[in-house]
Amino acid sequence: MLAPRLSHGEFQKLGRSVIDAILLSLEQIPPLERVNDEVIKTKINDAVKKIADRLQPDDKKELENLLKSELLKFGKIQALIEDDDISEIMVNGRDNVYIERRGMLERTTINFISDRTIVFVLEKIIHPMGRYVNEDSPTVDARLPDGSRVNGVIPPVALDGPSITIRKFIKDKLSVDQLIAFGSMTKIMGEFLRACVVSRLNIVVSGGTGSGKTTLLNVLSGFIPDRERIVTIEDAAELQLQQDHTVRLETKTPNVDGKGYVSTRDLVRNSLRMRPDRIIIGECRGGETLDMLQAMNTGHDGSLTTLHANSPRDALSRLETMVLMAGMELPVKVIRQQVASAVDLIVQQTRLKDGSRKITSITEVAGMEGDTIVLTDIFKFAQVGFSEDGRVLGELKPTGIRPLFTPRLEASGFKLPPEVFGASISDVLRRR
């Protein structure tokens, strides 16, 4: 005689115990085999068969569905990954799953049956990439096959349970025209940035987390002429360059024995021996910044990178700090001289309170005065308030200052009219 239908609590308890048993048996086989869906399906069928005679048909079917939803593909977040409207997925433990949709955060109704299933989903993502996570190495960076960036953190450093953060890969590369349509920049700013890239200015894109730095870097890289050789260096490959003559390099984490680590700094140094016309570093985070600045100062003009900072002045401070991380005991003034001579332009990207992403300033690095680096805003976003529906109101406009590197733009064939920099028609006529 079959037992009565299971209560919700009983069913959840049974589900956890069956999943734990399956995961325990999967741990006995090599990593790449245990994340194979066909292997997992066999384990699910075997586990359900063992207890099928003690379950009502409806409970058996529900248990099968639960096991498949937790263990196959990427588990409960599979549907979120497939939703093109979602730009970010944040798993903060088994009962707290958030998404970013159209720039706004939302809490979902998704929950995992156990922490072990979250770790297993993370393993399914990272093992095919040759990466691992365990108590001795509890953090990991990787990417999905479609290019989406993944960060995972597990106990003991994740106090409230395993965490997974996925920055979705934009399948259709955004163009400068689309950024203009979205209000991220103006047409004049787009023309100015194109002139700066083609004229081989060294550009740093600065911004906070999720502000759109990589998207903007993609757009800027699209201005690079096809005839130039480009080397890109990233922690997790996200850039979508269209040029044919591109070499893509990606860092490598240590293997399970702690060997085989290849850092961003290793790749920057190696790239200098690859005859690049341009070096694009996805993000500067440490000592590789010194190598990047030296490259910019020794003939690799037109290089691009991003860094985390909330303003152009903060970006300079970050550059100084990261140069010191290289282990070279350089005086601060020497570092600032390196920065001032290497970097031509800082483009500040900001995610505003309404979730929109805009370029909030384009700033020239105009040299040194004493021990201080001089910054000059060429374009600036002026916020004036909020609309009734909570949208940020403001205007992106030139400051009226013509940059000192204007002759470099003109030498490359870009004679930008005074109106680009904010001069009025009457000002132009008066100068004539």
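Look above for the structure.
Note that the structure is a prediction, hence the values are computed from the model and not measured.

Asker: Looking at this structure, I do not really get the overall build of the protein. What am I missing?
Answerer: Across its full length, the protein carries 15 helices and 15 strands. Overall, the C-alpha framework of the protein stretches about 100 × 55 × 40 Å when taken along its three principal axes. Put simply, the protein has 432 residues, and 48% of those count as buried. Pairs at least 24 residues apart make up 56% of the contacts formed inside the protein by residues separated by at least 6 positions.

Asker: Could you clarify how one ought to interpret the packing of helix 3 (residues 37–51) against helix 4 (residues 57–71) in this entry?
Answerer: Any two packed helices are characterised by the angle at which their axes cross and by the distance between the axes. In the contact formed by helix 3 and helix 4, the axes pass within 11 Å of each other and the chain directions differ by 155°. Between helix 3 and helix 4, the angle falls in the class roughly antiparallel. In the packing of helix 3 onto helix 4, the handedness of the crossing is right-handed. Taken together, the residues of helix 4 that come into contact with helix 3 (itself represented by Asp37, Ile40, Ile44, Val48 and Ile51) are Lys60, Leu63, Glu64, Leu67, Lys68 and Leu71.

Asker: So what exactly am I meant to see when it comes to the packing of helix 10 (residues 264–271) against helix 11 (residues 288–297) here?
Answerer: Remark: helix 10 packs on helix 11, axes separated minimally by 8 Å, with the N-to-C direction vectors making an angle of 20°. By the angle class used here, helix 10 and helix 11 are roughly parallel. The crossing of helix 10 and helix 11 is left-handed. The residues of helix 11 that touch helix 10, namely those facing Thr264, Arg265, Val268 and Arg269, are Glu288, Leu290, Asp291 and Met292.

Asker: Would you take a moment to explain the pattern of salt bridges for this structure?
Answerer: When charged atoms on two side chains of opposite charge get close, those side chains can pair. A full pass over the atoms with the stated rule returns 29 salt bridges. Taking the shortest distance from any N to any O, the salt bridge between Arg265 and Asp291 comes out at 2.5 Å. Note that Arg265 is positioned in helix 10 and Asp291 in helix 11, a separation of 26 residues in sequence. Judged by relative accessible area, Arg265 falls into the buried class, the value being 18%. Taking the shortest distance from any N to any O, the salt bridge between Asp344 and Arg408 comes out at 3.3 Å. Within this pair, whereas Asp344 is found in the loop between helix 13 (332–342) and strand 12 (345–351), its partner Arg408 is found in helix 14 (residues 406–411), the two being separated by 64 residues in sequence. We classify Asp344 as buried; its relative accessible area is 13%. Given the relative accessible area of 31%, Arg408 is considered partly exposed.

Asker: Please explain the sheet that holds strand 9 (residues 246–250) as it appears in this structure.
Answerer: Pairing between the strands of a sheet is mediated by backbone hydrogen bonds and can be parallel or antiparallel. Read across the open sheet, the nine strands follow the order 9-8-10-11-7-12-13-14-15; overall the sheet is mixed. What marks the edges here is a single partner per strand, and that holds for strand 9 and strand 15 (392–398). Across the sheet, the mean angle from the axis of one strand to that of its neighbour is 25°, orientation sign disregarded. Of the pairings in the sheet, the one linking strand 10 (residues 278–281) to strand 11 (residues 304–308) comprises two bridges and is parallel in character. Looking at the pairing, Ile281 lines up with Thr305 of strand 11.

Asker: Can you walk me through the side chain of Ser148 in this structure?
Answerer: By the element assignment, Ser148 lies in the loop between strand 4 (139–143) and strand 5 (149–153). Leaving out residues up to four positions away in the same chain, Ser148 has contacts with Ala142, Arg143, Ile166, Arg167, Lys168 and Phe169.

Rules used throughout
- Residue numbers run consecutively from 1 along every chain, following the written order of its sequence.
- Reporting in this predicted model follows two pLDDT cut-offs: at least 70 for local features of residues, and 80 or more for side-chain atom pairs to be given and counted; totals over whole chains, interfaces and linings ignore these cut-offs and use all residues.
- Side-chain measures were taken over the full set of non-hydrogen atoms in the model, leaving aside hydrogen atoms and water.
- Strands are runs of DSSP state E lasting at least two residues, helices are runs of H or I lasting at least four, and both sets are numbered from the N terminus onward.
- Per-residue accessibility, obtained with a 1.4 Å probe over protein chains only, is compared with the maximum for each type, and a residue is labelled buried under 20%, exposed over 50%, and partly exposed between these values.
- Whether two residues are in contact is decided by their heavy atoms, any of which lying within 4.5 Å being enough.
- Think of each axis as a best-fit line through the C-alpha atoms, taken over the contacting stretch in the case of a helix, with angles from 0 to 180 degrees between the N-to-C directions.
- Throughout, the term roughly parallel applies to angles under 35 degrees, roughly antiparallel to angles over 145, roughly perpendicular to angles from 65 to 115, and oblique to all others.
- Crossings are sorted by hand: turned counterclockwise from the far helix by less than a right angle, the near helix makes the crossing left-handed, and turned clockwise it makes it right-handed.
- Salt-bridge detection follows one rule: a side-chain nitrogen of Lys or Arg within 4 Å of a carboxyl oxygen of Asp or Glu.
- When DSSP locates at least two bridges between a pair of strands, those strands are taken to pair.

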